[in-house]
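# Remarks on the overall topology
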Amino acid sequence: MQKDTILFDLINKELERQRNGIELIASENFTSFQVMQAMGTVPTNKYAEGYPGKRYYGGCEVVDEIETLAIERLKKVFNCTWANVQPHSGAQANGAVFLAVMKPGEKFLGLDLSMGGHLTHGSPANFSGKTYHALHYGVTKDGIVDYEQLEHIARAEKPKMIICGASAYSRDWDYKRIRAVADEIGAVVFADIAHPAGLIAAGLLNDPFDHCHIVSSTTHKTLRGPRGGIIMLRNDFENPWGYKDPKGNLRMMSNLLDLAVFPGTQGGPLEHVIAAKAVAFGEILDGSFKDYGKQIITNAQAMAKSFVSRGYNLISNGTDNHLMLIDLRNKNLTGKKAQETLDKAHITLNKNAVPFDDKSPFVTSGIRIGVPAITTRGMQETHMESIVSMIDKILMNADDENTITAVRTEVKSFMQQFPLYPELG
Ligand SMILES: *Cc1c(COP(=O)(O)O)cnc(C)c1O
């Protein structure tokens, strides 16, 4: 077959889009060139249902080594004793945790989607909300997790599992406090660290493994790996719900989770993506990742300060991590309008509901901004001022095509300082 120029031209077009724009979507990042190289390789051809040493197909000796390397590196990254690297995504990882812990109809408690939570934490549109009995806590008027409400609902409803973690929350978590109430009612604490995982790996935020029974994450956000999911345990434990194996022994949590990934929710693992995960975990272990994490926090703080100085209203007044949520109501703009206008100038971010939002999820009153991707591009705190100034120019002149065109040109020339994948020519 001839080279598929139609498709590869589109990929090159996407490369140019990434090179020339300012990427502020808080869940996005740029992998290293090595991570991408590993992804486009021959393990994609291999079926390997099962786990290293226990596969349902022949010829798995090499992918066994690849997957074992990924697992061993990941265990070092988070100082844990067990890990599953097969989930195809964060949502798949969470699906497996639910399947391992919960029976249909049982109760769990998670952060409300409209307050910063994730679809898989009990949205009525998601399997988690359809299959199980979802209960939700929110944030206070100040934008901080309402731990009192969480404790109140936990004591009153006795959910089997409490989920902590969020997609649009700029503050650190009090895992210890959540574990304390969970112990009172015999619940399991599940931390979904999809967003801040890289900062946790770098030791810059509270360690959820100190207090949470089960931890899941994506690998493509602050961890800077390929798109995918992972599940981890610092300490394995016998399940407290009496789930037994055929011999009548109580199953270990690790065993329940492995079974929930395969055969529970997935078929063959993506061994080429697992290879790329191994590369990314190796990069995290190599020392300079901590500096990357520190720079993320420095950049986020500088950006937050710059927005506040221009009269923007930040939920919780600031950030502890890589992102911030801005309520645009005092600027008479919706999240939708802001996202669409900034997009025209090649500044990408997403509209986001703010706590107690009066607008629909399609319109929203806010935007979510994250710095992991621009930090990977090499930006430092001084660059944050330039970016906020460009964003402000657009938002204050959202209907002026001349301003949008001028900023688009400014964005492109600004980004020339931060080359992306020079290896690709
Ligand atoms: C991004 C995210 C996920 C889901 O990850 P996908 O890979 O998109 O499925 C799960 N939980 C949280 C908190 C997230 O932010």
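Residues numbered from 1 in each chain as written. Predicted model: local features only at pLDDT ≥ 70, side-chain atom pairs only at ≥ 80, totals over all residues. Heavy atoms only, no water.

The immediate surroundings of the ligand are formed by 13 residues, with Gly90, Ala91, Ser167, Asp192 and Lys221 found nearest. In this structure, an oxygen atom belonging to the ligand sits 3.4 Å away from a side-chain N or O atom of Ser89. Expressed as a share of its isolated accessible area of 390 Å², the protein-covered part of the ligand is 85%. It is helix H4 (residues 90–101) that provides the largest number of residues to the shell around the ligand, a total of 3 residues. Here the residues of the shell around the ligand sort into 3 nonpolar, 8 polar and 2 charged. (Near = heavy atom within 4 Å. Polar contact = N/O pair within 3.5 Å; in protein donor to acceptor, adjacent residues only side chain to side chain. Areas by Shrake-Rupley, 256 points an atom, 1.4 Å probe, with all protein chains shown as cover. Helix = DSSP H or I, 4+ residues; strand = E, 2+ residues; numbered from the N terminus. Nonpolar A, V, L, I, M, F, W, Y, C, P; charged D, E, K, R; others polar.)

What follows concerns unusual backbone geometry. Cis geometry marks the peptide bond from Phe262 to Pro263, where omega comes out at 5 degrees. Checked against the element boundaries, Pro263 lands in helix H9 (residues 253–265). Phi angles above zero are rare outside glycine, and Asn79 is one such case at about 50 degrees. We note that Arg224 has phi near 65 degrees; this positive angle belongs to a residue other than glycine.

According to the domain assignment, the chain contains domain 1 (34–284) and domain 2 (287–417). Look at where the C-alpha atoms of domain 1 and domain 2 centre, and you get two points 29 Å apart. With 26 residues of domain 1 at the interface, the matching set in domain 2 holds 27 residues. Summing the contributions of domain 1 and of domain 2, the shared interface buries around 2,200 Å²; its carbon and sulfur component is 61%. Linking domain 1 with domain 2 are 1 salt bridge. (Domains from an automatic or database assignment. Contact = heavy atoms within 4.5 Å. Buried area = accessible area lost by both parts, 1.4 Å probe. Salt bridge = Lys/Arg side-chain N within 4 Å of Asp/Glu carboxyl O.)

Another aspect to go through is the packing of aromatic side chains. Scanning the entire structure with this criterion turns up 12 aromatic pairs. Considering the side-chain rings of Phe98 and Phe127, the 5.5 Å spacing of their centres and the 90 degrees angle between planes classify their relative orientation as edge-to-face. Of this pair, Phe98 sits in helix H4 while Phe127 sits in helix H5 (residues 127–131), and the two are 29 residues apart along the sequence. Residues Trp241 and Tyr243 carry aromatic rings whose centres are separated by 5.6 Å and whose planes lie at 45 degrees to one another, so their mutual orientation is tilted. Ring pairs connect the aromatic residues Phe98, Phe108, Phe127 and Tyr132, which therefore count as one cluster. Just above the ring of Phe8 sits the side chain of Lys3; from NZ or CZ to the centre is 5.1 Å. Between the NZ or CZ atom of Arg377 and the centre of the ring of Phe30, over which it lies, the distance is 5.4 Å. (Phe/Tyr/Trp six-rings, centres within 6.5 Å; stacked < 30°, edge-to-face > 60°. Lys NZ or Arg CZ within 6 Å of the ring centre and 35° of its normal.)

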